[in-house]
Amino acid sequence: MAPLAFRGAYEVEPASVLPFSPRSTGASTGAGLPFLRSYVIGALQVTANLERSRRFHVSSDDFSTSGVAGRYASSLYELAKDSKALEIVEQGLSTVQGLLDSSEDFHRMVRSPVHSASEQAAAIAAIASKAGITGLAANFLQVMAKNRRLFVLPETIKAFQAMVARDRGEVSAEVVSAHPLSEAQQSQLLETLTSSTGKIIKMKTKVDPSLLGGMVVKVGSRMIDSSLRTKLDALKVAMKGTG
């Protein structure tokens, strides 16, 4: 199998629109921080009302043990917990996720039905070895490859991470902004999300210039989209309706 070339790629999910743009409100200099707090808290309170009657583990955007990915993640979680290796396995899978995010070829390889089970197993073994992934995490990847289940590897990793986070009382938050956020903005956003959810927030930030302005904040199954791109798309739809 040809060596994999690593390239970066990620996508941003569309969602509802809120009128907030860090740049337009002066957040780049810190002036927009009160607006950020106000809109984030407001949106989280509204969406929280929809979730009060649901148990945390039922959310389809967090994880489920009913599908193939959920069953594999659950099995790995139980094995890792019994072996007291949750942290090591989590680190290994996080490394794999990083490779999936940065390599289009690797991502295609795990998704493609063209490669045989033995080819996928050999490729994943070589990648794991080079990345320093050993033990239970490496063995688990081999099982998935030999069982022809690598196509759900990204979903399996997400489900496993959600199970570990649940036990720690953590909630993952992904923030995608059109421009890099300053340390002050990241600190304020983290504080706002923590106080609004009452949970430990594990926040990741990304930059996507295609948003044009504003940001997209996803906390568990809740999403706040204040990007200029989404606003413009909504405006186009509205304009078509008046034509």
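Look up a bit, the structure's there.
Predicted model only: the values in this text are computed from it and were never measured.

1. Comments concerning the overall build of the protein chain
Secondary structure summary: the protein chain contains 9 helices and 4 strands in total. Reading the protein chain from its N terminus to its C terminus gives the helix and strand order α-α-α-α-α-α-α-β-α-β-β-β-α. Of all 243 residues assigned to the protein chain, the portion counted as buried reaches 40%. For the protein chain, the proportion of contacts with a sequence separation of at least 24, taken over those separated by at least 6, is 74%. When the accessible area of the protein chain is evaluated, it comes to approximately 13200 Å², of which 57% is carbon and sulfur surface.

2. Things to note about the pairing of strand E1 (residues 170-177)
Every other side chain in a regular strand lies on the same face of the sheet, so the side chains alternate between the two faces. Of all 8 residues making up E1, 6 are buried, and the element is well covered by its neighbours. Summarising the sheet, E1 and strand E2 (residues 200-207) pair through 8 bridges and their orientation is parallel. Each residue of the ladder has a partner; that of Glu170, found in E2, is Ile200.

3. What to know about the packing of helix H3 (residues 86-102) against helix H4 (residues 104-111)
For the pair H3 and H4, interaxial distance at closest approach is 5 Å and the crossing angle is 110 degrees. Overall, the two elements H3 and H4 adopt an arrangement that is roughly perpendicular. On H4, the residues that touch Val96, Leu99, Leu100 and Ser102 of H3 are Glu104, Phe106, His107 and Val110. When the residues that make up the contact of H3 with H4 are grouped by side-chain class, the tally is 5 nonpolar, 2 polar and 1 charged.

What counts, and at which threshold
- Residues numbered from 1 in each chain as written.
- Predicted model: local features only at pLDDT ≥ 70, side-chain atom pairs only at ≥ 80, totals over all residues.
- Heavy atoms only, no water.
- Helix = DSSP H or I, 4+ residues; strand = E, 2+ residues; numbered from the N terminus.
- Buried < 20%, exposed > 50% of the residue type's maximum accessible area, 1.4 Å probe, protein only.
- Contact = heavy atoms within 4.5 Å.
- Areas by Shrake-Rupley, 256 points an atom, 1.4 Å probe, with all protein chains shown as cover.
- Pairing = 2+ DSSP bridges.
- Axes fitted to C-alpha atoms, helices over the stretch in contact; angles between N-to-C directions.
- Parallel < 35°, antiparallel > 145°, perpendicular 65-115°, else oblique.
- Nonpolar A, V, L, I, M, F, W, Y, C, P; charged D, E, K, R; others polar.

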